[in-house]
Amino acid sequence: MFGFLKKKEPAQLNETLYAVTTGKLIPISEVNDPVFSQKMMGDGFAVMPESGDIYSPIEGEVLSVFQTKHAVGMKMANGLEVLLHMGIDTVELNGEPFDIKVSEGTKVAPGTLIAKVDLNAITSSGRAIDMVVVITNMNAVKSYELTKVGQVNAGDEIGIAKA
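Since the model is a prediction, treat every value here as computed from it, not as a measurement. (Residues numbered from 1 in each chain as written. Predicted model: local features only at pLDDT ≥ 70, side-chain atom pairs only at ≥ 80, totals over all residues. Heavy atoms only, no water.)

1. Section: the pairing of strand β5 (residues 60–65)
Phase 1: Sheet analysis places β5 next to strand β6 (residues 71–76), joined by 5 bridges and oriented antiparallel. Bridge pairing links S64 to G73 in β6.
Phase 2: Connecting the antiparallel pair β5 and β6 is a turn made up of 5 residues, with K69 showing a positive phi of about 65 degrees. (Pairing = 2+ DSSP bridges. Helix = DSSP H or I, 4+ residues; strand = E, 2+ residues; numbered from the N terminus.)

Quick look at the structure:
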């Protein structure tokens, strides 16, 4: 009767991280690029893809799509900012191998297709195809845990990031 007297349930924040594609998941420290492996941009993980279909690593919202299409910035409901960086040194490819399927403001979830990536175009240019996911505002992270490494399928729960 008097709904205002009831305690409100706290909003459920999905703080789960998901595999962006099917392939081999590795900790960011194993990425063959010092900017990522030394965690200069933040902590995270990478998937060595078997497919060019790349999905959202979080439930949240797209903040930015880089002009060169090689990276997409996203934000979780808990305020953590996540960068999906597709390939190593792929900024120099001027967007050629990337067909981006989202835009700024798009709400995303683990099943949301972010991009279709031509993996052969990246490898034939002499670059690595690591799909890197980095939490860029580590100062806001209370805890980060990678709970799964090795073979994963797109959408698998692979970790948690709490703010």
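2. With respect to the UniProt feature "domain: PTS EIIA type-1" (unreviewed entry) in the protein
Phase 1: Summarizing the sequence annotation, UniProt attributes the feature "domain: PTS EIIA type-1" (unreviewed entry) to residues 33–137 in the numbering used throughout.
Phase 2: As a span, residues 33–137 carries 10% helix and 41% strand, and end to end its C-alpha atoms are 20 Å apart. (UniProt positions renumbered as here; feature names shortened; annotations may be inferred.)

3. Quick notes on the pattern of salt bridges
Phase 1: In the structure shown here, the tally under the stated rule is 6 salt bridges.
Phase 2: Of the charged contacts in the structure, one is a salt bridge between D43 and K39, with a shortest N-O distance of 3.5 Å.
Phase 3: For D43, a relative accessible area of 15% corresponds to the buried category.
Phase 4: K39 sits in the partly exposed class, given a relative accessible area of 41%.
Phase 5: For the salt bridge of K116 with D53, the shortest nitrogen-to-oxygen distance reads 2.8 Å. One end of the pair, K116, is in strand β10 (residues 113–117); the other, D53, is in strand β4 (residues 53–55), with 63 residues separating them in the sequence.
Phase 6: In this structure K116 comes out as partly exposed when scored by relative accessible area, which is 37%. (Salt bridge = Lys/Arg side-chain N within 4 Å of Asp/Glu carboxyl O. Buried < 20%, exposed > 50% of the residue type's maximum accessible area, 1.4 Å probe, protein only.)

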